[in-house]
Amino acid sequence: MEIDWLKFFFYCYAALALFGATMVIFSRNSVRAVLFLVLTFVASAGLWMLLQAEFLALILILVYVGAVMVLFLFVVMMLNMNLSPLKEGFVRYLPLGILIAATIVAQLVWVYKNTDMAALHLGELAQKPADYSNITELGLALYTDYLYPFEIAGVILLVAIIAAIALTFRGPQNRRSQNIAVQVATRKDDRLRVIKDVGPDSDLKA
Amino acid sequence: MLENYLPIVVFIAVGMVIGVAPIVLGKLLGPNKPNTAKLSPYECGFEAFEDARAQFDVRFYLVAILFIIFDLEIAFLFPWAVVFQQLGWPAIFAMGVFLLLLTVGFIYEWKKGALEWE
């Protein structure tokens, strides 16, 4: 009975993911397309959850739905795009798209045919105990065997911060902000000039 | 393990029913007599001046990217918080290096003024 429920949820989430992905392509409004992409990610998170990857499923929702999709929405609104010129190339690029899709399908079929599915122990997935912690396993692997890639990820994130600022930050434009260091370092001579005698020949006369 | 998530599935199902049911009931039971005057735009008696989709500033994009980066940092912190007592000082040192790298980036964006809004 357990397996039947797994299959039921698998087909629910798979159908939802396919529906969402199809609507991403076919929706006319680009903001709606982004929202359907959110639906696709949530359905994918459900599928990952069925594969017992609970931490990755929750991180998918946290990072992709919570952050990346917000970025996509900002980009869509920033570009303010009108979809009609984008649709013009649809027929022209259709053969290329079909070719790429066919290649990916062929690869998937090839991998499926040439993999010994019994060797993957798919049956064992459903037999984890109730207190099995995905996060512990992941942490034990990540901070011992994969320590070096983890630190590289930190460096990549640092580069991403600097690159994002360098690409999009234009500096203060009309901001009236205090620079306290400059204020404190100001000396009397910078601000004040004592004019002792303004004669008729002085250039200080207004 | 998955049986722990049964309440969440029930919660999602109930939430979807509560969300969808009023709309469907309204469609089915309510009177439906559309005409053009009902669908025409209005704004204090005027025609609407422009499209609701105004162009966004690029600064929103910068804030979103910086948010994603620190979101990912949190994603790395969760497994670490679970296992660091088991792994001891090497794990603490490793996370220290990781956090140090991101703190350098954070100080950079702070000093650059990228977090300040005009």
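Everything discussed here concerns the structure shown above.
Position labels on residues start from 1 in each chain and follow its written sequence. Key to labels: chains lettered from A, ligands numbered from 1, both in the order written. Selection of residues for local features in this predicted model requires a pLDDT of at least 70, selection of side-chain atom pairs for listing and counting requires 80 or more, and totals for whole chains, interfaces and linings are taken over all residues. Just so you know, side-chain values use all the structure's heavy atoms and leave hydrogens and water out.

**Some thoughts on the overall build of chain A**
Going by this rule: Every helix listed is a DSSP run of H or I at least four residues long, and every strand listed is a run of E at least two residues long, numbered separately from the N terminus. When accessible area is computed with a 1.4 Å probe and restricted to protein chains, residues below 20% of their type maximum are described as buried, those above 50% as exposed, and intermediate ones as partly exposed. When checking whether two residues touch, look at their non-hydrogen atoms; a contact exists if any pair is within 4.5 Å. Only the protein chains shown count as cover for residues, with accessible areas throughout obtained via the Shrake-Rupley method and a probe of 1.4 Å.
Within chain A, the regular secondary structure consists of nine helices and zero strands. Seen in sequence order, chain A has helices and strands lined up from the N terminus as α-α-α-α-α-α-α-α-α. Looking at chain A residue by residue over its 206 residues, the buried ones come to 26%. Long-range contacts, defined here as pairs at least 24 residues apart, represent 58% of the contacts in chain A between residues at least 6 apart. Entry remark: accessible area of chain A is about 15100 Å², with carbon and sulfur atoms responsible for 67%.

**Focus on helix α6 (residues 134–142) of chain A**
Residues three or four positions apart in an α-helix share a direction because the helix packs 3.6 residues into each turn. Of the positions making up α6 of chain A, those classed as buried are Asn-134, Thr-136, Gly-139 and Leu-142 of chain A. Tucked inside the fold, the buried residues of α6 of chain A contact α3 (54–79) and α7 (147–168) of chain A together with α3 (58–87) of chain B.

**Some points on the packing of aromatic side chains**
As a reminder, the rule being used: Ring pairs are drawn from Phe, Tyr and Trp, using the six-membered ring of Trp, whenever the two centres fall within 6.5 Å, and their geometry is named by plane angle: stacked under 30 degrees, edge-to-face over 60, tilted for the rest.
Tallied over the full model, the rule gives 12 aromatic pairs over all chains. An angle of 25° between the planes, with centres 4.5 Å apart, marks the rings of Phe-150 of chain A and Phe-98 of chain B as stacked. Taken together, the positions of Phe-150 of chain A in helix α7 and Phe-98 of chain B in helix α4 (residues 89–112) put the pair across two chains. For Phe-150 of chain A, a relative accessible area of 2% translates into the label buried. For Phe-98 of chain B, a relative accessible area of 0% corresponds to the buried category. Considering the side-chain rings of Phe-76 of chain B and Phe-98 of chain B, the 5.3 Å spacing of their centres and the 65° angle between planes classify their relative orientation as edge-to-face. Of this pair, Phe-76 of chain B sits in helix α3 while Phe-98 of chain B sits in helix α4, and the two are 22 residues apart along the sequence. The class of Phe-76 of chain B is partly exposed, set by a relative accessible area of 21%. In textbook terms, an aromatic cluster arises when at least three aromatic residues are bridged by ring pairs, as seen for Tyr-143 and Phe-150 of chain A together with Phe-76 and Phe-98 of chain B.

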